[in-house]
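Analysis of the macromolecular model
Given next are the chains, with one letter for each unit.
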Amino acid sequence: MMDKTDQTSEPPIIKVRGLGKAFGSHVVHEGLDLDVRRGEIIGIVGGSGTGKSVLLQQIVGLLTPDAGTIEVFGENVTGTSPEEYRALRRRWGVMFQDGALFSSLTVRQNVEAPMREQLDLPDDLRETLAGIKVRMVGLQQNAQTKFPSELSGGMRKRAGFARAIALDPEIVFLDEPTAGLDPIGAAAFDTLIRQLQAALGLTVFLVTHDLDSLHAICDRVAVLAEKKVLAVGTMQEMLKVDHPWVHEYFHGPRARAALSGGNQNNDEKVQ
């Protein structure tokens, strides 16, 4: 098992210790530990049923752990009052699978929703800010007035990302953001994540199964297996982990193809 200790001097922006979660007799997490560093893009991977999305939902307070502690920004998420949790929630944004947009609202209205809930802004200012967020994720001006049913899958995901950054968060949680996209669309979304992370100083918690995303944009990867975080480190460190699932995942044919493309992407980023 790899050393999961954060070697940086700054406290982790997310700190999970001894996390336990079960649904009836099915234990999903048991003794799970994880540190997320400020300003990094960390990819969360694991086999089916390892609880990647469940971990995300516990960190943002949508599910309550059965055991352990979760601290975000140094605050215990599970021990906060409603007012304290509301203040914490303003500092992160979440994009669920396929964007999870409100079907009865336009794109702009979807992006405005967190602002309506959390901020007391004049209507015209709120609309202007929402429009800026829509353009930041690469959508055209006319997309603002469209409903989710009128958008392609990639556009819905971008709209979901715009809503996730509506409140200028410090952390964004992305749940399978490239799932269902063609390779070109997925690569473009990876580029968007990296660009906005750099421009806005975001910490990105990325649940994914996309090896291309891991190679192209992730600073570190955390592997969920055996009800805990089995290993965490860079992609190169993942190649050295001696565990059957990890070895197959990071050494299989798709991994080798992604590694070749990922190296090219990394080279492009430093030019």
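Residues numbered from 1 in each chain as written. Predicted model: local features only at pLDDT ≥ 70, side-chain atom pairs only at ≥ 80, totals over all residues. Heavy atoms only, no water.

Focus: the overall build of the chain
Regarding its fold elements, the chain presents 10 helices and 10 strands. Here the chain holds 271 residues, and 48% of them are scored as buried. Approximately 12,700 Å² of the chain is accessible, and the part contributed by carbon and sulfur atoms is 50%. (Helix = DSSP H or I, 4+ residues; strand = E, 2+ residues; numbered from the N terminus. Buried < 20%, exposed > 50% of the residue type's maximum accessible area, 1.4 Å probe, protein only. Areas by Shrake-Rupley, 256 points an atom, 1.4 Å probe, with all protein chains shown as cover.)

Some points on the nonpolar core
Counting residues in each nonpolar core, the largest one holds 47 residues, and the members touching the most others are Phe161, Leu214 and Phe250. No other element matches helix H6 (residues 183-200), which puts 5 residues into this core. (Core = buried A, V, L, I, M, F, W, Y, C linked by side-chain atoms within 4.5 Å.)

With respect to unusual backbone geometry
For Glu226, which is not a glycine, the phi torsion comes out positive at approximately 55 degrees. For Glu226, the location among the structural elements is in the loop between strand S9 (220-225) and strand S10 (228-233). Residue Lys227 is not a glycine yet carries a positive backbone phi of 75 degrees. For Lys227, the location among the structural elements is in the loop between S9 and S10.

Examining the packing of aromatic side chains
Scanning the model with the defined rule gives 6 aromatic pairs in all. Residues Phe173 and Phe205 carry aromatic rings whose centres are separated by 5.3 Å and whose planes lie at 50 degrees to one another, so their mutual orientation is tilted. In this pair, Phe173 sits in strand S7 (residues 171-175) while Phe205 sits in strand S8 (residues 203-207), placing the two residues 32 residues apart along the sequence. With respect to class, Phe173 is no different from Phe205; both count as buried. On the basis of an interplanar angle of 80 degrees and a centroid distance of 4.9 Å, the ring pair of Tyr249 and Phe250 is categorised as edge-to-face. The same class applies to Tyr249 and to Phe250, which are both buried. Members of the aromatic cluster, joined through ring pairs, are Tyr85, Trp92, Phe173 and Phe205. For Arg91, the ring lying beneath its charged end belongs to Phe73, and the centroid distance is 3.8 Å. (Phe/Tyr/Trp six-rings, centres within 6.5 Å; stacked < 30°, edge-to-face > 60°. Lys NZ or Arg CZ within 6 Å of the ring centre and 35° of its normal.)

Some thoughts on the pattern of salt bridges
Overall, the coordinates contain 14 salt bridges when judged by the stated rule. Residue Arg38 pairs with Glu10 through a salt bridge whose shortest N-O separation is 3.1 Å. In this pair, Arg38 is assigned in the loop between strand S2 (26-36) and strand S3 (41-46) and Glu10 in the segment before strand S1 (14-23), connecting sequence segments 28 residues apart. Using a relative accessible area of 40% as the deciding quantity, one classes Glu10 as partly exposed. Between Asp66 and Lys21 there is a salt bridge; the shortest N-O distance is 3.9 Å. With Asp66 in the loop between helix H1 (52-59) and strand S4 (67-72) and Lys21 in strand S1, the pair connects residues that are 45 residues apart, well separated along the chain. Put simply, Arg108, Glu112, Arg116, Asp123 and Arg126 are held in one network by salt bridges that share partners. (Salt bridge = Lys/Arg side-chain N within 4 Å of Asp/Glu carboxyl O.)

Some remarks on the sheet that holds S8
What the 6 strands build is an open sheet, ordered S6-S7-S8-S3-S9-S10; its pairing is mixed. One side of each edge strand has no neighbouring strand; the edge strands of this open sheet are strand S6 (92-95) and S10. Each neighbouring strand pair of the sheet contributes to a mean axis angle of 15 degrees, computed without reference to strand direction. Of the pairings in the sheet, the one linking S3 to S8 comprises 4 bridges and is parallel in character. By the bridge assignment, Ile42 is partnered in S8 with Phe205. Strands S6 and S7 of the sheet are contacted by helix H5 (residues 153-164), whose axis makes an angle of about 165 degrees with S6. (Pairing = 2+ DSSP bridges. Axes fitted to C-alpha atoms, helices over the stretch in contact; angles between N-to-C directions. Contact = heavy atoms within 4.5 Å.)

A few points about H6
Between its terminal C-alpha atoms H6 stretches 26 Å, which fits the 26 Å expected from 18 residues at 1.5 Å a residue. Looking only at H6, the buried set comprises Ala186, Phe189, Asp190, Leu192, Ile193, Arg194, Leu196 and Gln197. A distance of 3.0 Å separates the backbone nitrogen of Ile184 from a side-chain oxygen at the start of H6, and that oxygen is part of Asp182. Remark: Gly201 follows H6 within two positions and exhibits a positive phi of approximately 65 degrees. (Expected span 1.5 Å × (residues − 1). Polar contact = N/O pair within 3.5 Å; in protein donor to acceptor, adjacent residues only side chain to side chain.)

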